[in-house]
Amino acid sequence: MVGAWLLLWGALALSCRGEVAFLRHADDSTGRCTYSFTVPSPVESGCPDAGGVPELRAELAALTARLSRLESRERGAGGEAGRGIPQPQYAAPAPRLEPGCGELLRANSRLEEEKGRLERENEELGRRLESSAQEIARLRAARCPPGGEGPGRDPLPAPGEAGCGELVWVGDPVVFGRAESIAGKYGVWMKDPEPLPPFTRETTWRVDAVGTEVRQLLQYQAPEQLAQGYPTKVHILPRPLESTGAVVYRGGFFFQPRRSRTVARYDLRGETLTAQREIPGAGYHGQYPYSWGGYTDIDLAVDETGLWVIYSTEKARGAIVLSKLDPETLEIRQSWETNIRKRGVANAFVICGTLYTVSSYSSPNATINFAYDTATGTSRALSVPFENRFRYLSMLDYNPAEQQLYAWDSSNMVTYPIRLSRD
Ligand code: CA
């Protein structure tokens, strides 16, 4: 019984693309069965590790241990018949009509329930392992070309060295972590491109944004801690956050407090709100969201030139309005009214003073479909491919220090490499 579904699970894990996995079965000196699960290291030396793989292995090891324990219990419930003998079948011995029989049946029922739960867990782990295996293949292709010269062959420019230009290419998403619960179906994650001590460019920030009282801002020392699920600190925001348009910039966390057309600055060192300001006429709480909804009416952005807010107003009749903000006082320095309908696009970000929009939050074959240049006040259509790998993009922003995009796609925290044209 257990043996059959164990084999099924083993086959599932073995079928993962690009991976060779081993599920071993052995009996120890006391006659207990032991299962062990082995996956060879898929990451070549010099390659960046793929997020989540060590975590997956640990989960698989823990699951394997539980399977061994479960089998021991089942043997215990089924009598001592198999002790000392490798036993591929687990049919219970002929029932004896004794007072302990009811207890055995109940124990068996509990084991059946546990089995069902573990089977569901196995399926989920199998899916995640496959996703990680694909990620490793992509990382190898992108960063470790044949010849094994490692990151030195990276076709992308070093962070901050490329200067400004127009967005011409967005690469495949790279997964850094996955939210553990439904509260992280959508959310926000990022690093500060211009951090203030004690924070660094590696300090990583995250908000799980499902719910009406979203106040927790998680701080991680580096993305690795995020992948492992170990925050350094949990900040509690004085006001709940509503939109996934929050950003971190120059030591401040900028966000839209719930049910308001306000933008607020939470100081990450002082742990207090240092500025709050209304964005005149800005729609909020579902008036002018992006196409996926989610109260994404007010979206903040950071680029090489500073802090921006992306929204719409009745006066603009739903078209995107872009304003440059003072990062200390949140005063509007200048505004631009575009001809891009806010509800018609999935998200937006700013690079070098140009606003870019994404065509769809769910299509795997989406595009960066419009660019609005604040220097000329004109927009143009684009068709730069953009992949929504997990089909539910709830946040997308640009990090000018790393020249890559940060996104939250159906519980997954991902980044996208980009390329800018040289002027
Ligand atoms: Ca955005």
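Sequence order as written defines residue numbering, which begins from 1 separately in each chain. The model is predicted, so local features are restricted to residues of pLDDT at least 70 and side-chain atom pairs to those at 80 or more, both for listing and for counting; the totals for chains, interfaces and linings are taken over all residues. Only hydrogens and water are set aside; all other atoms, that is, all heavy atoms of the structure, feed into the side-chain values.

At the metal site, the calcium ion is ligated by Asp299 (OD), Asp299 (OD), Asn347 (OD1), Ala348 (O) and Leu396 (O), and these contacts range over 2.4 to 2.9 Å. Three labels apply to residues, based on accessible area from a 1.4 Å probe with only protein chains included: buried if under 20% of the type maximum, exposed if over 50%, partly exposed otherwise in between. What makes Asn347 buried here is its relative accessible area of 2%. Overall, the relative accessible area of 1% leaves Leu396 in the buried class. Note on donors: an N, O or S atom is included if it sits within 2.8 Å of the metal, or within 3.2 Å for Na, K and Ca, and water is never included, so sites can look incomplete.

The omega torsion across Pro197 and Pro198 is 10°, close enough to zero to call that bond cis. In this structure, Ser410 is a non-glycine residue whose phi angle is positive, near 45°. Tracing the chain through its elements places Ser410 in the loop between β22 (404-409) and β23 (412-420). Residue classification places Ser410 among the buried residues on the basis of a relative accessible area of 15%. Counting from the N terminus, the helices are DSSP H or I runs at least four residues long and the strands are E runs at least two residues long.

The rule for a disulfide is simple: a pair of cysteine sulfur atoms within 2.5 Å. Summed over the entire model, instances satisfying the criterion amount to one disulfide. Bridging Cys164 to Cys352, the disulfide has an S-S length of 2.1 Å. With the S-S dihedral at roughly -100°, the linkage between Cys164 and Cys352 falls on the left-handed side. One end of the pair, Cys164, is in the loop between α3 (101-143) and β3 (167-170); the other, Cys352, is in the loop between β17 (347-351) and β18 (354-358), and 188 residues separate them in sequence.

Read from one edge to the other, the open sheet built from four strands follows the order β5-β6-β7-β8, with strand pairing classed as antiparallel. Each edge of the open sheet is held by one strand with a lone partner, namely β5 (187-191) and β8 (233-241). Going across the sheet, the axis of each strand differs from the next one's by a mean of 20°, ignoring polarity. Here, a strand pair is defined by DSSP locating no fewer than two bridges between the strands. Pairing analysis gives five bridges linking strand β7 (residues 214-220) to β8, with the strands arranged antiparallel. Counted as the bridge partner of Val214 is Leu241 from β8. Note on geometry: axes are C-alpha line fits, over the in-contact stretch for helices, and angles between N-to-C directions span 0 to 180 degrees.

Before going further, it helps to examine the side chain of Asp267. As for its placement among the helices and strands, Asp267 is situated in strand β11 (residues 262-267). Within the structure, the side chain of Asp267 is placed 2.6 Å from the backbone nitrogen of Gly270, a separation counted as a polar contact. Contact definition: two residues touch when any of their heavy atoms are within 4.5 Å. In this view, Asp267 contacts Gly251, Thr272 and Thr274; residues no more than four positions away in its chain are not counted. Definition of a polar contact: a pair of N or O atoms within 3.5 Å, with one able to donate and the other able to accept a hydrogen when the atoms are protein atoms, and with sequence-neighbouring residues admitted only if both atoms are side-chain atoms.

Here the focus is the confidence of the model for the chain. How sure the predictor is of each residue is captured by pLDDT, a score from 0 to 100. Of the residues in the chain, 65% reach a pLDDT of 70 or more, and the chain-wide mean stands at 77. Overall, residues 136-160 carries pLDDT values under 50, and its contacts beyond four positions in sequence, including any with other chains, amount to 40 contacts.

Taken in spatial order, the four strands line up as β13-β14-β15-β16 in an open sheet, and their pairing is antiparallel. Lying at the two open borders of the sheet, with one neighbouring strand each, are β13 (299-303) and β16 (332-341). Averaged over neighbouring strand pairs, the angle between their axes works out to 25° when direction is ignored. As defined by bridge partners, strand β14 (residues 306-311) adjoins strand β15 (residues 319-325) across five bridges and the pair is classed as antiparallel. Of the residues in β15, the one forming a bridge with Trp308 is Lys324.

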